[in-house]
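Below are the chains, spelled out letter by letter.
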Amino acid sequence: MKKLFIILSVLIVAAGCGDNIREPFTKDAWAPQVGPRPYNHRVLVIGDLEKNHLFKGMSRSEIIDLLGEPELNTSILIGYSVFEEIDESDGKLHLTRLKIQFTKEGQKMTRIFYQEEYESDMQRKLN
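Participant: Explain the nonpolar core to me, using residue names and the numbers behind them.
Facilitator: Judged by nonpolar contacts, the single largest core of 19 residues is most densely connected at Trp30, Leu49, Leu54, Ile63, Leu67, Leu98 and Ile100. Of all the secondary structure elements, the ones that give two or more residues to this core are helix 3 (46-52), helix 4 (60-67), strand 2 (77-86), strand 3 (93-102) and strand 4 (109-118). Broken down by element, the residue count for this core peaks at 4 residues, all from helix 4. Apart from residues lying up to four places away in sequence, Leu54 is in contact with Leu49, Ile63, Leu66, Leu98, Ile100, Met109 and Ile112.

Below is the structure:
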């Protein structure tokens, strides 16, 4: 299962690179869906989001207006879940987040990246 998660995480990053656009980004396409994995569909719009909607220098408020309230929000970083899976071997949640970093003042975007997180890292309990 861990190999599957790693493979899917690599696909998420690949989806955001180059011209690999599966579906156009819209706020509706980005919005969480009802169900056990409310964010996994975001993988389909990551390519278009990165290529045509997120740009260095965008303000925090512009990005939040575009993507909605982030699940992770610090003074210089916001994060959105894009893929989650429960590892059947250990029952822990594995999550891939799109993270957006801002200047020290927290006002302008400087970069975007993806980070894998695990249940113990997130200090989150499964319900």
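There is more to say after this.
Participant: Mind laying out helix 4, listing which residues take part and the relevant values?
Facilitator: Listed as buried for helix 4 are Arg60, Ile63, Ile64, Leu66 and Leu67. End-on view of helix 4: buried residues confined to an arc of 160°, all on one side of the axis. In helix 4, the exposed positions angled more than 90 degrees off the buried face are occupied by Ser61 and Asp65. Directly beyond the C-terminal end of helix 4, a positive phi value near 90° is found at Gly68.

Participant: Which residues make up the packing of aromatic side chains, and what values go with them?
Facilitator: Two aromatic rings, taken as a pair, are described by how far apart their centres are and by the angle between their planes. Scanning the entire structure with this criterion turns up 2 aromatic pairs. Taken together, a centroid distance of 6.0 Å and an interplanar angle of 70° make the contact between Trp30 and Tyr80 edge-to-face. Within this pair, whereas Trp30 is found in helix 2 (residues 27-30), its partner Tyr80 is found in strand 2, the two being separated by 50 residues in sequence. We note that Trp30, like Tyr80, is buried. Here the aromatic cluster, defined as three or more aromatic residues joined through ring pairs, consists of Phe25, Trp30 and Tyr80. The aromatic ring of Trp30 is capped on one face by Arg42, whose charged end is 4.3 Å from the ring centroid. Positioned over the ring face of Phe102 is Arg60, at 4.5 Å from the centre of the ring.

Rules used in this analysis
- Here the residue numbering is sequential within each chain, running from 1 through the sequence in written order.
- Where totals are concerned, whole chains, interfaces and linings use all residues; where local detail is concerned, this predicted model gives features only for residues with pLDDT of at least 70, and gives and counts side-chain atom pairs only at 80 or more.
- Only heavy atoms go into the side-chain values, all of them from the structure, while hydrogens and water stay out.
- In these notes, a set of buried Ala, Val, Leu, Ile, Met, Phe, Trp, Tyr and Cys residues joined through side-chain atoms within 4.5 Å is what counts as a nonpolar core.
- Burial status follows relative accessibility: with a 1.4 Å probe on protein chains alone, a residue under 20% of its type maximum counts as buried, one over 50% as exposed, and anything between as partly exposed.
- Runs of H or I in DSSP of at least four residues are treated as helices and runs of E of at least two as strands, each being numbered from the N terminus.
- Contacts were defined at the residue level, with two residues in contact if any of their heavy atoms lie within 4.5 Å.
- Note that the arc is computed from the directions linking the helix axis to the C-beta atoms.
- Stacked, edge-to-face and tilted are the three classes for Phe, Tyr and Trp ring pairs, Trp counted by its six-membered ring, which pair at centre distances within 6.5 Å; planes under 30 degrees apart are stacked, over 60 edge-to-face, the rest tilted.
- Counted as over-ring charges are cases with an Arg CZ or a Lys NZ within 6 Å of the ring centre that also lie within 35 degrees of the ring normal.

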